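Listed here are the chains, written in short residue letters.
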Amino acid sequence: MLNFELYNPTRIVFGRESTAKLDTLIAQDARVLVLLGGESAKKNGTLAEVRAALGAREVHEFSGIEPNPTYETLMKAVGLIREKKIDFLLAVGGGSVIDGTKFVAAAVNYEGDPWEILQTYGKKITSALPFGTVLTLPATGSEMNDGSVITRKETHTKLAFQNPLVFPQFSVLDPTKTFTLPARQIANGVVDSFVHIIEQYLTYPAHGMVQDRFAEGLLQTLIEIGPKLQTAGNDYDLRANFMWVATLALNGLIGAGVPQDWSTHMIGHELTARYDIDHARTLAVVLPASLNVRRESKRAKLLQYADRVWHITSGSEDERIDAAIERTRKFFEEMGIQTHLRDYDVPASDITVIVEQLRKNGMVKLGEQHDVTPEISQKILEVSY
């Protein structure tokens, strides 16, 4: 097992009617900005619950954060915070709203051009406003980590950053908030969580026995409940397990002491930035192709994945690997997500443009062994087509 440090200060408040606990989680004299996406939090009553819990505190709202939060929109929130002298942020929504709130928290007092936060992957952040979250869409794990991904529309650039200063102070997780989610968002959340786990698990053996078994259990849970979530309606236990798996998939626990990949995400980010394809759907396109192209460097863990997750034990090594990759693809498709680049009307001729954007953003040595060059990325995209 590799050396590691694990730090996660986020308090999780989980369960029915937990939104009311905001009153005890935020200082009584706080000047609060509630950050939102679209209208769903208003329509389903979540915003009203938040307002009631915040009581007599001074509260302002900022809405319109996109599914892929943009720098341009978030800088408007930064301006509002400075104008109103806000001192606490509350993200009410899914991973995009939370990611956007992390950037805003870091940008408010940043000295220099806030875009540098992304360009330096968060290394220059020296302070951030405190914030909490009320999660309404399980998917990204952003409610319990210190990472964020932001898009700049004018340059079709999507970059990530990390910094311990942007861990949420707390996150409220009430599974009933997922009852009104459309099937498309549930499917995206399941696939996003699944690939988060894969990026930390399906690399090369590092003798992280605990991490491997934990990851395999999370994957099997998603395989079991994913299709049921599409038709389960208001099944609290299914929704609760989904919400908790999505959080555990990217809160640092299963990635501690083991190598991590993340090349599928980096390639997928370019597809979202240029074509506005849902993040999870880009992952469903890239992952099966990446596993195929990189099967030799991942052989040992692919065989373990085939055996322990999919219970594939017969056939030659290559036949078992083929079957595991195909079962992964079929699982994504069972969730209603297409898994080929051509399914999203991306011209094959654009592959070279996408690869050039990877080069421009410095994504030239991706993967757990830093061997995913632009040439390998191009091969992955060609295979995904």
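Further up the page is the structure itself.
J.: Can you help me understand the overall build of the protein in this one?
T.: On a plain count of helices and strands, the protein comes out with 15 helices and eight strands. Relative to the globule expectation of 21 Å for 385 residues, the C-alpha radius of gyration of the protein, 20 Å, shows essentially globular dimensions. By principal-axis analysis of the C-alpha atoms, the protein measures approximately 65 × 45 × 45 Å. Taken over 385 residues, the protein has a buried fraction of 58%.

J.: What is the right way to look at the packing of helix α4 (residues 71-84) against helix α5 (residues 95-107) in this model?
T.: Axes are the key here: two packed helices are described by the angle between their axes and the distance separating the axes. It is the contact of α4 with α5, at a shortest axis distance of 9 Å, that shows an interaxial angle of 50°. One finds that α4 runs oblique with respect to α5. For the element pair α4 and α5, the recorded crossing hand is right-handed. Of α5, the residues touching α4 (which contributes Y71, L74, M75, A77, V78, I81 and R82) are G100, F103, V104 and A107. Counted by class, the contact of α4 with α5 contains nine nonpolar, one polar and one charged residues.

J.: Looking at this model, I keep getting lost on empty space enclosed by the protein. Mind explaining?
T.: The method is simple in principle: a probe with the dimensions of a water molecule rolls over the atoms, and the space it marks as empty is what remains. Tallying each qualifying case throughout the model produces one cavity of 30 Å³ or more. Put simply, the largest cavity is a space of about 30 Å³. Surrounding the largest cavity, H156, E270, R274, I354 and Q357 form its lining. For the lining of the largest cavity, the class distribution of residues is one nonpolar, two polar and two charged.

J.: Teacher, can you tell me more about the nonpolar core here?
T.: Side chains that are nonpolar tend, in soluble globular proteins, to be buried together. In this structure, L35, L89, F103, V104, I117, F194 and Y305 are the most contacted members of the largest nonpolar core, which totals 97 residues. For this core, the element with the most residues is helix α7 (residues 183-201), which contributes nine residues. Apart from the residues within four sequence positions on either side, F103 is in contact with Y71, L74, M75, P114, I117, L118, S148, I150 and F161.

J.: Whenever I open this one, the layout of surface pockets confuses me. Can you help?
T.: Considering only enclosed or pocket space, the second largest pocket measures out at about 150 Å³ in volume. Along the walls of the second largest pocket sit E66, P67, N68, T70, T151, R152, K153, H156, T272, A273 and D276, which together make up its complete lining. Of all the secondary structure elements, the ones that give two or more residues to the lining of the second largest pocket are β6 (147-152) and α10 (263-275). For the lining of the second largest pocket, the class distribution of residues is two nonpolar, five polar and four charged.

J.: What is the right way to read helix α3 (residues 46-54) from this model?
T.: Each turn of an α-helix holds 3.6 residues, which means side chains three or four residues apart point in the same direction. When α3 is considered as a whole, its buried residues turn out to be T46, L47, V50, A53 and L54. Projected down its long axis, α3 shows its buried positions confined to an angular sector of 125°, all on one face. Within α3, the exposed residues directed more than 90 degrees away from the buried face are A48 and A52. Packing partners of the buried residues in α3 comprise α1 (22-25), β2 (31-35), α2 (40-43), β3 (58-62), β4 (88-94) and β5 (131-137).

J.: What exactly am I supposed to notice about helix α11 (residues 279-293) here?
T.: In this model, α11 (15 residues) spans 21 Å end to end at C-alpha, consistent with the 21 Å of a helix rising 1.5 Å per residue. The buried count for α11 comes to 13 of 15 residues, which makes it a mostly enclosed element.

J.: Please explain the pairing of β6 as it appears in this structure.
T.: Each regular strand shows side chains that alternate between the opposite faces of the sheet. In terms of residue burial, β6 counts as a mostly covered element, since six of its six residues are buried. The alternating pattern of β6 places G147, V149 and T151 and S148, I150 and R152 on opposite faces, both of which are buried. Taken together, the six bridges between β6 and strand β7 (residues 157-162) define a ladder with antiparallel strand orientation. Each bridged residue has a counterpart across the sheet, and for R152 the counterpart in β7 is T157. Counting the residues that bridge the hairpin from β6 to β7 gives four residues, and of these H156 lies at a positive phi of roughly 50°.

Rules behind the numbers
Residues numbered from 1 in each chain as written. Predicted model: local features only at pLDDT ≥ 70, side-chain atom pairs only at ≥ 80, totals over all residues. Heavy atoms only, no water. Helix = DSSP H or I, 4+ residues; strand = E, 2+ residues; numbered from the N terminus. Rg over C-alpha atoms; globule rule 2.2 N^0.38 Å. Buried < 20%, exposed > 50% of the residue type's maximum accessible area, 1.4 Å probe, protein only. Axes fitted to C-alpha atoms, helices over the stretch in contact; angles between N-to-C directions. Parallel < 35°, antiparallel > 145°, perpendicular 65-115°, else oblique. Left-handed = near helix turned anticlockwise from the far one by under 90°. Contact = heavy atoms within 4.5 Å. Nonpolar A, V, L, I, M, F, W, Y, C, P; charged D, E, K, R; others polar. 1 Å grid on protein atoms, 1.4 Å probe; cavity = no way out; pocket = protein on both sides within 12 Å on 5 of 7 lines; lining within 4 Å. Points joined across faces, edges and corners; volume = space filled by probe spheres on them. Core = buried A, V, L, I, M, F, W, Y, C linked by side-chain atoms within 4.5 Å. Arc of directions from axis to C-beta. Expected span 1.5 Å × (residues − 1). Pairing = 2+ DSSP bridges.

Take it as geometry only, folks, not as evidence of what the structure does.
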